Amino acid sequence: MDSVEKTTNRSEQKSRKFLKSLIRKQPQELLLVIGTGVSAAVAPGIPALCSWRSCIEAVIEAAEQLEVLHPGDVAEFRRKVTKDRDLLVVAHDLIRKMSPDCLMEVFDDLEQHIRSPVVLQSILSLMDRGAMVLTTNYDNLLEAFGRRQNKPMESLDLKDKTKVLEWARGHMKYGVLHIHGLYTDPCGVVLDPSGYKDVTQDAEVMEVLQNLYRTKSFLFVGCGETLRDQIFQALFLYSVPNKVDLEHYMLVLKENEDHFFKHQADMLLHGIKVVSYGDCFDHFPGYVQDLATQICKQQSPDADRVDSTTLLGNACQDCAKRKLEENGIEVSKKRTQSDTDDAGGS
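Residues numbered from 1 in each chain as written. Predicted model: local features only at pLDDT ≥ 70, side-chain atom pairs only at ≥ 80, totals over all residues. Heavy atoms only, no water.

## Some points on the confidence of the model for the chain
Cut-off, in case you're wondering: A score from 0 to 100, pLDDT tells how confident the predictor is in each residue. Residues count as neighbours in contact if any of their non-hydrogen atoms are within 4.5 Å of one another.
In the predicted model, the chain carries a mean pLDDT of 80, and the fraction of residues at 70 or more is 78%. Counting contacts from residues 1–14, a segment whose pLDDT is below 50, to residues more than four positions away or on other chains yields 2 contacts.

In C-alpha coordinates, the structure reads:
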(Lines give C-alpha, C1' and ligand atoms only; values in the text may rest on other atoms or scores of the structure.)
Protein backbone atom coordinates (compact mmCIF):
# COMPACT_ATOMS: atom_id res chain seq x y z
CA MET A 1 0.00 0.00 0.00
CA ASP A 2 2.84 2.39 0.88
CA SER A 3 4.51 1.83 -2.51
CA VAL A 4 1.21 2.53 -4.29
CA GLU A 5 0.78 5.81 -2.36
CA LYS A 6 4.36 6.84 -3.14
CA THR A 7 3.83 6.10 -6.84
CA THR A 8 0.63 8.16 -6.79
CA ASN A 9 2.39 11.06 -5.08
CA ARG A 10 5.22 10.96 -7.64
CA SER A 11 2.77 10.99 -10.55
CA GLU A 12 0.91 13.93 -8.97
CA GLN A 13 4.18 15.86 -8.66
CA LYS A 14 5.11 15.15 -12.30
CA SER A 15 1.75 16.39 -13.55
CA ARG A 16 1.75 19.45 -11.29
CA LYS A 17 2.08 22.68 -13.25
CA PHE A 18 2.65 26.24 -12.13
CA LEU A 19 2.26 29.58 -13.84
CA LYS A 20 5.75 30.77 -14.65
CA SER A 21 4.78 34.35 -13.86
CA LEU A 22 3.98 33.15 -10.31
CA ILE A 23 6.98 30.94 -9.58
CA ARG A 24 9.31 33.67 -10.84
CA LYS A 25 8.06 36.03 -8.14
CA GLN A 26 10.42 36.89 -5.32
CA PRO A 27 8.83 35.97 -1.94
CA GLN A 28 8.99 39.62 -0.87
CA GLU A 29 6.76 40.52 -3.82
CA LEU A 30 3.94 38.36 -2.43
CA LEU A 31 1.16 38.97 0.08
CA LEU A 32 -0.53 35.71 1.08
CA VAL A 33 -4.25 35.83 1.84
CA ILE A 34 -5.10 32.81 4.00
CA GLY A 35 -8.63 31.40 4.17
CA THR A 36 -10.43 28.53 5.87
CA GLY A 37 -8.95 26.00 3.44
CA VAL A 38 -5.57 26.35 5.14
CA SER A 39 -6.99 25.63 8.60
CA ALA A 40 -9.04 22.73 7.23
CA ALA A 41 -5.92 21.15 5.70
CA VAL A 42 -3.87 21.64 8.87
CA ALA A 43 -6.41 20.39 11.42
CA PRO A 44 -8.82 18.18 9.43
CA GLY A 45 -10.41 16.78 12.59
CA ILE A 46 -11.99 20.12 13.58
CA PRO A 47 -15.28 20.68 11.72
CA ALA A 48 -15.36 24.39 12.65
CA LEU A 49 -12.31 24.99 10.45
CA CYS A 50 -13.68 23.42 7.28
CA SER A 51 -15.81 26.33 6.03
CA TRP A 52 -17.81 29.38 7.11
CA ARG A 53 -20.91 27.19 7.37
CA SER A 54 -19.13 24.67 9.61
CA CYS A 55 -17.72 27.48 11.73
CA ILE A 56 -21.16 29.05 12.27
CA GLU A 57 -22.68 25.66 13.11
CA ALA A 58 -19.94 25.02 15.70
CA VAL A 59 -20.51 28.44 17.29
CA ILE A 60 -24.28 27.84 17.46
CA GLU A 61 -23.61 24.46 19.10
CA ALA A 62 -21.30 26.09 21.66
CA ALA A 63 -23.88 28.82 22.37
CA GLU A 64 -26.55 26.19 22.96
CA GLN A 65 -24.34 24.13 25.29
CA LEU A 66 -23.26 27.19 27.28
CA GLU A 67 -26.89 28.39 27.38
CA VAL A 68 -25.95 31.89 26.23
CA LEU A 69 -28.42 32.01 23.33
CA HIS A 70 -32.20 31.68 23.57
CA PRO A 71 -33.51 28.34 22.17
CA GLY A 72 -35.65 30.28 19.70
CA ASP A 73 -32.58 32.10 18.40
CA VAL A 74 -30.67 28.82 18.18
CA ALA A 75 -33.40 27.36 15.97
CA GLU A 76 -33.57 30.51 13.84
CA PHE A 77 -29.81 30.61 13.22
CA ARG A 78 -29.77 26.90 12.36
CA ARG A 79 -32.44 27.61 9.76
CA LYS A 80 -30.48 30.56 8.37
CA VAL A 81 -27.19 28.68 8.13
CA THR A 82 -28.95 26.02 6.07
CA LYS A 83 -30.87 28.33 3.73
CA ASP A 84 -29.15 31.73 3.55
CA ARG A 85 -26.55 32.28 0.85
CA ASP A 86 -24.65 35.13 2.50
CA LEU A 87 -23.13 33.35 5.48
CA LEU A 88 -21.04 36.37 6.48
CA VAL A 89 -24.25 38.25 7.28
CA VAL A 90 -25.48 35.27 9.32
CA ALA A 91 -22.16 35.11 11.19
CA HIS A 92 -22.28 38.85 11.85
CA ASP A 93 -25.80 38.67 13.30
CA LEU A 94 -24.90 35.63 15.39
CA ILE A 95 -21.81 37.20 16.94
CA ARG A 96 -23.76 40.32 17.85
CA LYS A 97 -26.28 38.21 19.81
CA MET A 98 -24.11 35.65 21.54
CA SER A 99 -21.56 35.72 24.35
CA PRO A 100 -17.89 36.13 23.33
CA ASP A 101 -17.16 32.93 25.28
CA CYS A 102 -18.57 30.88 22.39
CA LEU A 103 -15.62 31.69 20.14
CA MET A 104 -13.21 30.76 22.91
CA GLU A 105 -15.06 27.46 23.29
CA VAL A 106 -14.70 26.67 19.58
CA PHE A 107 -11.16 27.87 18.82
CA ASP A 108 -9.13 27.61 22.03
CA ASP A 109 -6.13 25.21 22.07
CA LEU A 110 -6.43 24.48 18.35
CA GLU A 111 -2.68 23.97 18.00
CA GLN A 112 -3.09 20.65 19.79
CA HIS A 113 -5.09 19.44 16.79
CA ILE A 114 -2.49 20.19 14.12
CA ARG A 115 -2.13 16.97 12.11
CA SER A 116 -0.72 18.09 8.77
CA PRO A 117 1.56 21.12 9.12
CA VAL A 118 2.84 21.05 5.51
CA VAL A 119 0.87 24.13 4.44
CA LEU A 120 1.87 26.12 7.55
CA GLN A 121 5.53 25.21 7.04
CA SER A 122 5.30 26.33 3.41
CA ILE A 123 3.78 29.68 4.42
CA LEU A 124 6.47 30.19 7.07
CA SER A 125 9.21 29.48 4.53
CA LEU A 126 7.80 32.28 2.37
CA MET A 127 7.52 34.61 5.38
CA ASP A 128 11.16 33.87 6.22
CA ARG A 129 12.02 35.34 2.82
CA GLY A 130 9.83 38.41 3.06
CA ALA A 131 6.28 37.41 2.06
CA MET A 132 3.49 39.18 3.98
CA VAL A 133 0.39 37.43 5.36
CA LEU A 134 -3.17 38.44 6.12
CA THR A 135 -6.07 36.15 6.95
CA THR A 136 -9.85 36.10 7.12
CA ASN A 137 -9.64 33.36 9.78
CA TYR A 138 -10.31 33.78 13.50
CA ASP A 139 -7.81 31.10 14.47
CA ASN A 140 -4.11 31.61 15.13
CA LEU A 141 -2.83 28.23 13.92
CA LEU A 142 -0.06 29.82 11.84
CA GLU A 143 1.20 31.92 14.74
CA ALA A 144 1.08 28.98 17.17
CA PHE A 145 2.97 26.76 14.72
CA GLY A 146 5.55 29.49 14.07
CA ARG A 147 6.19 30.02 17.76
CA ARG A 148 6.96 26.31 18.10
CA GLN A 149 9.80 27.00 15.68
CA ASN A 150 10.97 30.01 17.67
CA LYS A 151 9.65 32.55 15.18
CA PRO A 152 8.59 35.88 16.75
CA MET A 153 5.03 35.60 15.44
CA GLU A 154 2.62 38.44 16.11
CA SER A 155 -1.16 38.59 15.60
CA LEU A 156 -2.77 41.93 14.88
CA ASP A 157 -6.16 43.27 13.86
CA LEU A 158 -7.31 46.45 12.16
CA LYS A 159 -8.08 48.30 15.38
CA ASP A 160 -4.42 48.93 16.22
CA LYS A 161 -3.46 51.63 13.71
CA THR A 162 0.20 51.78 14.73
CA LYS A 163 0.72 48.05 14.23
CA VAL A 164 -1.29 47.97 11.00
CA LEU A 165 0.89 50.71 9.50
CA GLU A 166 4.04 48.95 10.71
CA TRP A 167 2.87 45.67 9.15
CA ALA A 168 1.71 47.28 5.88
CA ARG A 169 5.05 49.04 5.45
CA GLY A 170 6.87 45.74 5.76
CA HIS A 171 8.34 46.30 9.23
CA MET A 172 6.70 43.30 10.94
CA LYS A 173 8.26 40.27 9.30
CA TYR A 174 6.25 37.66 11.20
CA GLY A 175 3.05 39.66 11.63
CA VAL A 176 -0.30 38.15 10.62
CA LEU A 177 -3.14 40.61 10.03
CA HIS A 178 -6.57 39.21 10.97
CA ILE A 179 -9.03 41.41 9.08
CA HIS A 180 -12.03 39.91 10.93
CA GLY A 181 -10.32 39.91 14.30
CA LEU A 182 -9.05 37.03 16.42
CA TYR A 183 -10.92 34.60 18.64
CA THR A 184 -8.70 35.52 21.61
CA ASP A 185 -10.32 38.97 21.55
CA PRO A 186 -13.98 38.18 20.78
CA CYS A 187 -15.05 41.76 21.43
CA GLY A 188 -12.81 42.79 18.54
CA VAL A 189 -14.34 40.36 16.05
CA VAL A 190 -15.83 42.29 13.12
CA LEU A 191 -17.64 40.96 10.05
CA ASP A 192 -19.18 44.17 8.74
CA PRO A 193 -17.29 47.24 7.39
CA SER A 194 -19.32 49.49 9.72
CA GLY A 195 -17.29 48.03 12.58
CA TYR A 196 -14.13 49.46 11.02
CA LYS A 197 -15.30 53.01 10.24
CA ASP A 198 -12.23 54.38 12.02
CA VAL A 199 -10.09 52.41 9.56
CA THR A 200 -11.99 52.99 6.33
CA GLN A 201 -12.24 56.73 7.07
CA ASP A 202 -8.55 57.04 7.91
CA ALA A 203 -6.85 58.26 4.72
CA GLU A 204 -3.36 57.26 5.86
CA VAL A 205 -4.30 53.66 6.69
CA MET A 206 -6.43 53.19 3.57
CA GLU A 207 -3.72 54.55 1.28
CA VAL A 208 -1.11 52.22 2.75
CA LEU A 209 -3.40 49.17 2.56
CA GLN A 210 -4.62 49.86 -0.97
CA ASN A 211 -1.06 50.51 -2.08
CA LEU A 212 -0.36 46.88 -1.15
CA TYR A 213 -3.02 45.72 -3.64
CA ARG A 214 -1.42 47.91 -6.31
CA THR A 215 2.20 46.93 -5.66
CA LYS A 216 2.20 43.39 -4.23
CA SER A 217 1.02 40.18 -5.87
CA PHE A 218 -1.72 38.79 -3.63
CA LEU A 219 -1.74 34.99 -3.48
CA PHE A 220 -5.09 33.68 -2.22
CA VAL A 221 -4.54 30.34 -0.46
CA GLY A 222 -7.47 28.30 0.83
CA CYS A 223 -9.88 31.15 0.05
CA GLY A 224 -13.36 30.60 -1.32
CA GLU A 225 -15.56 33.66 -0.85
CA THR A 226 -12.91 36.23 0.02
CA LEU A 227 -13.74 38.60 -2.83
CA ARG A 228 -17.37 38.65 -1.65
CA ASP A 229 -16.16 39.55 1.84
CA GLN A 230 -17.34 43.11 2.52
CA ILE A 231 -14.35 43.96 4.71
CA PHE A 232 -11.85 42.74 2.13
CA GLN A 233 -13.70 44.71 -0.55
CA ALA A 234 -13.71 47.88 1.56
CA LEU A 235 -10.00 47.60 2.34
CA PHE A 236 -8.57 46.61 -1.01
CA LEU A 237 -11.02 46.69 -3.92
CA TYR A 238 -13.38 49.67 -3.90
CA SER A 239 -10.88 52.47 -4.52
CA VAL A 240 -8.15 50.69 -6.49
CA PRO A 241 -8.42 51.65 -10.19
CA ASN A 242 -7.34 49.58 -13.20
CA LYS A 243 -7.52 46.28 -11.29
CA VAL A 244 -7.47 44.37 -14.57
CA ASP A 245 -3.83 45.48 -15.05
CA LEU A 246 -2.71 43.96 -11.72
CA GLU A 247 -1.21 40.50 -11.19
CA HIS A 248 -2.69 38.48 -8.33
CA TYR A 249 -3.25 34.73 -8.01
CA MET A 250 -5.87 32.44 -6.48
CA LEU A 251 -5.49 28.70 -5.83
CA VAL A 252 -8.80 26.87 -6.26
CA LEU A 253 -10.29 23.39 -6.41
CA LYS A 254 -11.43 22.48 -9.94
CA GLU A 255 -14.51 20.34 -9.35
CA ASN A 256 -16.43 21.47 -12.41
CA GLU A 257 -14.72 22.64 -15.60
CA ASP A 258 -17.46 25.04 -16.73
CA HIS A 259 -17.59 26.71 -13.31
CA PHE A 260 -13.78 26.83 -13.10
CA PHE A 261 -13.29 28.57 -16.47
CA LYS A 262 -16.13 31.03 -15.80
CA HIS A 263 -14.56 31.82 -12.41
CA GLN A 264 -11.21 32.24 -14.13
CA ALA A 265 -12.65 34.78 -16.59
CA ASP A 266 -14.53 36.67 -13.84
CA MET A 267 -11.47 36.98 -11.62
CA LEU A 268 -9.33 38.45 -14.40
CA LEU A 269 -11.49 41.58 -14.09
CA HIS A 270 -9.97 41.97 -10.60
CA GLY A 271 -6.45 41.29 -11.88
CA ILE A 272 -6.53 37.77 -10.39
CA LYS A 273 -5.29 34.68 -12.21
CA VAL A 274 -7.16 31.59 -11.03
CA VAL A 275 -5.01 28.47 -10.75
CA SER A 276 -6.25 24.93 -10.07
CA TYR A 277 -4.40 22.87 -7.49
CA GLY A 278 -6.34 19.77 -8.57
CA ASP A 279 -9.77 18.16 -8.58
CA CYS A 280 -9.50 16.92 -4.98
CA PHE A 281 -8.83 18.86 -1.75
CA ASP A 282 -6.25 16.20 -0.80
CA HIS A 283 -3.98 17.68 -3.50
CA PHE A 284 -3.99 21.11 -1.83
CA PRO A 285 -1.18 20.66 0.77
CA GLY A 286 1.22 19.09 -1.74
CA TYR A 287 0.55 21.78 -4.31
CA VAL A 288 1.18 24.59 -1.81
CA GLN A 289 4.38 22.89 -0.64
CA ASP A 290 5.73 22.47 -4.18
CA LEU A 291 4.71 26.01 -5.13
CA ALA A 292 6.46 27.50 -2.09
CA THR A 293 9.57 25.45 -2.87
CA GLN A 294 9.61 26.78 -6.44
CA ILE A 295 9.22 30.40 -5.31
CA CYS A 296 11.83 30.05 -2.56
CA LYS A 297 14.35 28.89 -5.16
CA GLN A 298 14.37 32.36 -6.66
CA GLN A 299 17.52 34.28 -5.84
CA SER A 300 16.96 37.59 -4.14
CA PRO A 301 18.26 40.73 -5.86
CA ASP A 302 20.77 41.09 -2.98
CA ALA A 303 22.18 37.64 -3.76
CA ASP A 304 22.47 38.60 -7.44
CA ARG A 305 24.44 41.71 -6.52
CA VAL A 306 26.87 39.75 -4.34
CA ASP A 307 27.47 37.20 -7.10
CA SER A 308 28.01 39.90 -9.71
CA THR A 309 30.47 41.77 -7.53
CA THR A 310 32.47 38.60 -7.04
CA LEU A 311 32.64 37.98 -10.78
CA LEU A 312 33.97 41.45 -11.42
CA GLY A 313 37.02 40.53 -9.38
CA ASN A 314 39.50 43.31 -8.82
CA ALA A 315 37.78 45.94 -10.96
CA CYS A 316 37.68 49.38 -9.41
CA GLN A 317 34.65 50.09 -7.21
CA ASP A 318 33.23 52.79 -9.48
CA CYS A 319 33.52 50.53 -12.50
CA ALA A 320 31.97 47.63 -10.59
CA LYS A 321 29.10 49.78 -9.44
CA ARG A 322 28.46 50.99 -12.99
CA LYS A 323 28.48 47.44 -14.34
CA LEU A 324 26.13 46.27 -11.59
CA GLU A 325 23.65 49.02 -12.42
CA GLU A 326 23.81 48.18 -16.10
CA ASN A 327 23.35 44.45 -15.42
CA GLY A 328 20.53 45.11 -12.97
CA ILE A 329 18.58 47.10 -15.53
CA GLU A 330 19.21 44.46 -18.18
CA VAL A 331 18.05 41.60 -15.96
CA SER A 332 14.96 43.51 -14.87
CA LYS A 333 13.92 44.10 -18.48
CA LYS A 334 14.43 40.48 -19.41
CA ARG A 335 12.46 39.27 -16.42
CA THR A 336 9.57 41.62 -17.14
CA GLN A 337 9.40 40.46 -20.75
CA SER A 338 9.57 36.83 -19.69
CA ASP A 339 6.73 37.29 -17.22
CA THR A 340 4.68 38.93 -19.97
CA ASP A 341 5.33 36.02 -22.29
CA ASP A 342 4.54 33.42 -19.62
CA ALA A 343 1.62 35.11 -17.89
CA GLY A 344 -0.94 32.88 -19.54
CA GLY A 345 1.21 29.75 -19.62
CA SER A 346 1.68 26.96 -17.12
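More follows now that the structure is in view.
## Structural notes on the environment of D279
Where we set the bar: Each helix is a run of DSSP H or I of at least 4 residues and each strand a run of E of at least 2, with the numbering of both proceeding from the N terminus.
Mapped onto the elements, D279 comes out in the loop between β7 (272–278) and α15 (284–296). Through-space distance from the C-alpha of D279 to that of K254 is 4.8 Å; in sequence the pair is 25 residues apart. Discounting residues that sit within four places of it in the chain, D279 has contacts with L253 and K254.

## Points about the packing of helix α4 (residues 52–66) against helix α5 (residues 71–83)
When two helices pack together, their arrangement is given by the angle between their axes and by how far apart the axes lie. In plain terms, the rule: All axes are obtained by fitting lines to C-alpha atoms, using only the stretch in contact for helices, and the reported angles, taken between N-to-C directions, cover 0 to 180 degrees. By the definition adopted for this analysis, an angle is roughly parallel if under 35 degrees, roughly antiparallel if over 145, roughly perpendicular if from 65 to 115, and oblique otherwise. Amino acids outside the nonpolar list (Ala, Val, Leu, Ile, Met, Phe, Trp, Tyr, Cys, Pro) and the charged list (Asp, Glu, Lys, Arg) are all regarded as polar, and Gly is one of them.
Interaxial distance between α4 and α5 falls to 10 Å at its minimum, and their mutual angle equals 170 degrees. For the element pair α4 / α5, the angle class is roughly antiparallel. Residues R53, I56, E57, I60, E61 and E64 of α4 lie in contact with α5, whose contacting residues are V74, F77, R78, V81 and T82. Across the contact of α4 with α5, the residue classes break down as 5 nonpolar, 1 polar and 5 charged.

## Thoughts on the side chain of K25
Rules: Polar contact is the term for a pair of N or O atoms within 3.5 Å; when the atoms are in protein, one must be able to donate a hydrogen and the other to accept it, and sequence-neighboring residues count only if both atoms are side-chain atoms.
Note on placement: K25 falls in the loop between α2 (20–23) and β1 (30–34). Here S217 takes part through its side chain, which lies 3.4 Å from a polar atom of the side chain of K25. Excluding residues within four positions of it along the chain, K25 makes contact with L30, S217, E247, Y249, I295 and Q298.

## What to know about the side chain of S54
Quick reminder of the rule: For each residue, the accessible area found with a 1.4 Å probe, counting protein chains only, is set against the maximum for its type, and the residue is called buried under 20%, exposed over 50%, and partly exposed in between.
Relative to the helices and strands, S54 resides in helix α4. Looking at S54, the relative accessible area reads 19%, which means it is buried.

## Quick notes on the packing of aromatic side chains
To be explicit about the condition: Here a Phe, Tyr or Trp ring, Trp counted by its six-membered ring, pairs with any other such ring whose centre lies within 6.5 Å, and the pair is stacked when the planes are under 30 degrees apart, edge-to-face when over 60, and tilted otherwise. Two conditions define a charge located above a ring, namely a distance within 6 Å from the ring centre to NZ of Lys or CZ of Arg, and an angle within 35 degrees of the ring normal.
Counted under the stated rule, the structure contains 11 aromatic pairs. Relative to F218, the ring of Y213 has its centre 4.9 Å away and its plane inclined at 75 degrees; by these criteria the two rings are edge-to-face. There is no split in this pair, since Y213 and F218 are both buried. Ring plane angle 75 degrees and centroid distance 6.4 Å describe the contact between F218 and F232, whose orientation is recorded as edge-to-face. Here F218 is found in strand β5 (residues 217–221), whereas its partner F232 is found in helix α13 (residues 230–237), with 14 residues between them in sequence. By the burial criterion, F218 is buried, and F232 matches it. An aromatic cluster of at least three residues, connected via ring pairs, comprises Y213, F218, F220, F232 and F236. The ring centre of F260 lies 5.3 Å from the NZ or CZ of K254, which sits over that ring.

## Describing α13
Side chains that are three or four residues apart share a direction in an α-helix, a result of its 3.6 residues per turn. The buried fraction of α13 is high, at 7 of 8 residues. Listed in full, the buried residues belonging to α13 are I231, F232, Q233, A234, L235, F236 and L237. Each element contacted by the buried residues of α13 is listed here: β1, β2 (132–135), α11 (197–200), α12 (203–215) and β5.

## Here's the deal with a negative patch on the surface
Rule in force here: To count toward a patch, a residue needs a relative accessible area over 30% and no salt bridge; like charges are then connected within 9 Å, while nonpolar side chains (Val, Leu, Ile, Met, Phe, Trp, Tyr) are connected within 5 Å. Areas reported here follow the Shrake-Rupley algorithm with a probe of radius 1.4 Å; residue values treat only the protein chains shown as occluding. By definition, a salt bridge exists where a carboxyl oxygen of Asp or Glu is found within 4 Å of a side-chain nitrogen of Lys or Arg. Charged residues are defined narrowly, with Lys and Arg counted positive, Asp and Glu counted negative, and His plus the chain ends left uncounted. Here the site of a charge means NZ on Lys, CZ on Arg, CG on Asp, or CD on Glu.
A grouping of D101, E105, D108 and D109 is seen on the molecular surface, where their side chains present a negatively charged patch. Relative to the helices and strands, D108 resides in the loop between α7 (101–107) and α8 (118–128).

## Quick notes on the sheet that holds strand β6 (residues 248–253)
Note the cut-off: Two strands make a pair as long as DSSP finds a minimum of two bridges between them.
Reading across from one edge, β3-β4-β2-β1-β5-β6-β7 is the order of the 7 strands in this open sheet, with parallel pairing throughout. Taken across any chain shown, the strands that pair with only one partner, and hence form the sheet edges, are β3 (154–157) and β7. The average undirected angle you get between the axes of adjacent strands in this sheet is 25 degrees. Bridge count for β3 against strand β4 (residues 175–178) is 4 bridges, and the pairing is parallel. Looking at β4, one finds that S155 is bridged to V176.

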